[in-house]
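Residues per chain are reported as follows:
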Amino acid sequence: MTDWTGRRFEVEVGAVAHGGHCVARAEGRVVFVRHALPGERVVVAITEDRGGSFCRGDAVEVLEASPERVEPPCPVAVPGGCGGCDWQHASAVEQRRLKAVVVAEQLHRLAGVDREVEVEELAGGLAHWRTRVRLAVDRTGHLGFHAHRSSRIVPVADCVIAAPGTVDVLVGREWTPGAELDVSVDATGRTHASELVPDKGRRRSGKPVLRSQRVLGSAVAVEQAARREWELDAQGFWQVHPDAADVLAEAVALWSDARPGQVAWDLYAGVGLFASVLAGQVGPEGTVIAVESGRQAAEDAADNLADLPSVRVFAGKVEHVITDPELPDPHVVVLDPPRKGAGKDVVTAIADRAPARVVYVACDPAALARDIALFADRGYRLADLRAFDTFPMTHHVECVALLEN
């Protein structure tokens, strides 16, 4: 098949698809179109064609616009620009509707579940919410973000979705060409930033190994959520939306419903946010097993939860730790796996212990749907689901699912 890269087609834009684009067809092939909305008529420029039944493109001209189309507030949120935001050209209501459609479609296609989905809005609006940002440094030493599906760096003077104390304090200075900047602002308003520079002569999987050197703040960030204060590695994992940790902790607390004296598991526990919620439910006579594979995060969890006698923190891969027959069977399991999901081994190990409820926190609806299907094979049904717009302007969405046996 001839490579279509660079060609232009006039197309009718169809339904939204997972990944921040919509589906169109040109000469019998599927085209995944960014910067478009369902129902529009656009000119699409093909940006990537690897053969096969589909290719990718950008809507470079809008011939018939959706009533939900708005002017992107960021000058680089355009075709050929920054790849960080997917839906700046859509109204806030439309962004949430599109995400709801995607979650419902993934549940239907991958899990055989038909369910109406509503994506709930978080406080603060669409802008200035992202408290943790990774930037790239171009050959001239200036900061930017990668273009969509590209190593090309788009220079920026600011970022619409970045919280004050992140991008705004780093731009305007020169950095090491080829480096990356990891910056965050914590609950106290303090900025923490590290420049990650290539370690000469060291490579892993063909890529240079990056060595961290701190340029702002300290190695420890302070966060607040679930009525507690948390200290963690400034480059470690924490929810990037300032309200997300509390919102998710409340959702987990509602559905976990652990009783005093019971056993609860918190898998992929991070620094212990959900474990603290479970500990409050089971009380000092109960047991909370918190499992985290990252050594630093597990150490932070142990320190943060030291005042809760019911919590036992295990550092190790979840699929290894939970197969230990010495672990007590859980009444409820909470899991918050990485983007790829939990997978068959973890789902099987959980189901083998027969908890009455599983509360699944997911940042990727496709992975969630695949794992729901695996749980269904072991007798668990999707009893309830909530979705939250914790990543406005992007295609990402956070879900919490309740599975019951």
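To keep things clear, this report deals only with the structure shown in the data block. (Residues numbered from 1 in each chain as written. Predicted model: local features only at pLDDT ≥ 70, side-chain atom pairs only at ≥ 80, totals over all residues. Heavy atoms only, no water.)

### A short note on the side chain of D266
Here D266 shows up in strand β16 (residues 263-267). Of the side chains with opposite charge, R228 lies nearest to the buried D266, which makes no salt bridge, at 11 Å. Apart from the residues within four sequence positions on either side, D266 is in contact with F274, A275, L278, I289, A290, V291 and V334. (Helix = DSSP H or I, 4+ residues; strand = E, 2+ residues; numbered from the N terminus. Buried < 20%, exposed > 50% of the residue type's maximum accessible area, 1.4 Å probe, protein only. Lys, Arg positive; Asp, Glu negative; His and termini not counted. Salt bridge = Lys/Arg side-chain N within 4 Å of Asp/Glu carboxyl O. Contact = heavy atoms within 4.5 Å.)

### As for the sheet that holds strand β6 (residues 54-64)
Spatially, six strands are ordered β1-β5-β6-β4-β3-β2 in an open sheet, and the strand pairing comes out mixed. Unpaired on one side and paired on the other, β1 (8-12) and β2 (16-17) mark the two borders of the sheet. In the sheet, β2 pairs with strand β3 (residues 21-26) via two bridges, with the strands oriented antiparallel. Along β3, the bridge assignment pairs V16 with C22. (Pairing = 2+ DSSP bridges.)

### Structural notes on unusual backbone geometry
Even without a glycine there, the phi angle at E27 is positive, about 50 degrees. The topology assignment puts E27 in the loop between β3 and β4 (29-34). Judged by its relative accessible area of 61%, E27 is exposed. A positive phi angle is found at H128, which is not glycine, with a value near 60 degrees. The residue H128 is located in the loop between β7 (119-120) and β8 (132-137) in this model. In this structure H128 comes out as partly exposed when scored by relative accessible area, which is 47%.

### A short note on the environment of H128
Along the primary structure H128 and R34 are separated by 94 residues, whereas in three dimensions their C-alpha atoms are 23 Å apart. With near-sequence residues (within four places) excluded, H128 lies in contact with C159, V160, I161, A162, A163 and P164. Within the local environment of H128, its side chain forms a polar contact with the backbone oxygen of A162, the two atoms lying 3.4 Å apart. (Polar contact = N/O pair within 3.5 Å; in protein donor to acceptor, adjacent residues only side chain to side chain.)

### Topic: the sheet that holds β16
Strand order in the open sheet formed by eight strands is β7-β21-β22-β20-β19-β16-β17-β18, and the pairing between neighbours is mixed. Each edge of the open sheet is held by one strand with a lone partner, namely β7 and β18 (311-315). As paired elements, strand β20 (residues 357-362) and strand β22 (residues 398-404) share six bridges and run antiparallel to each other. When the bridges of β22 are listed, Y360 appears paired with A401. Here helix α7 (residues 365-377) sits on the sheet in contact with β20, β21 (381-388) and β22, set at roughly 160 degrees to β20. (Axes fitted to C-alpha atoms, helices over the stretch in contact; angles between N-to-C directions.)

### Considerations on the nonpolar core
L267, I322, L335 and I350 are the most contacted members of the largest nonpolar core, which has 41 residues in total. In this view, L335 contacts L267, Y268, A342, I350, V358, V359, Y360 and V361; residues no more than four positions away in its chain are not counted. Of all hydrophobic cores here, the second largest spans 36 residues; its members include A251, V282, V311 and V334. (Core = buried A, V, L, I, M, F, W, Y, C linked by side-chain atoms within 4.5 Å.)

### Re the environment of A356
With respect to the helices and strands, A356 occurs in the loop between α6 (344-352) and β20. Given a relative accessible area of 40%, A356 falls into the partly exposed group. Beyond its immediate sequence surroundings of up to four residues, A356 is in contact with H331, Y380, L403, E404 and N405.

### Here's the deal with the pairing of β6
Across five bridges, β4 lies against β6 in parallel orientation. Paired with V33 across the bridge in β6 is G57. Two elements, strand β5 (residues 41-48) and β6, share seven bridges in a ladder whose sense is antiparallel. Opposite E48, over in β6, you have R56 as the bridge partner.

### A few points about the environment of V13
You can see V13 is positioned in the loop between β1 and β2. It is 17 Å that separates the C-alpha atoms of V13 and E105, two residues lying 92 residues apart in sequence. Aside from chain neighbours lying at most four places away, what touches V13 is C22, V23, A24, A36, L37, P38, G39, E40 and V42.

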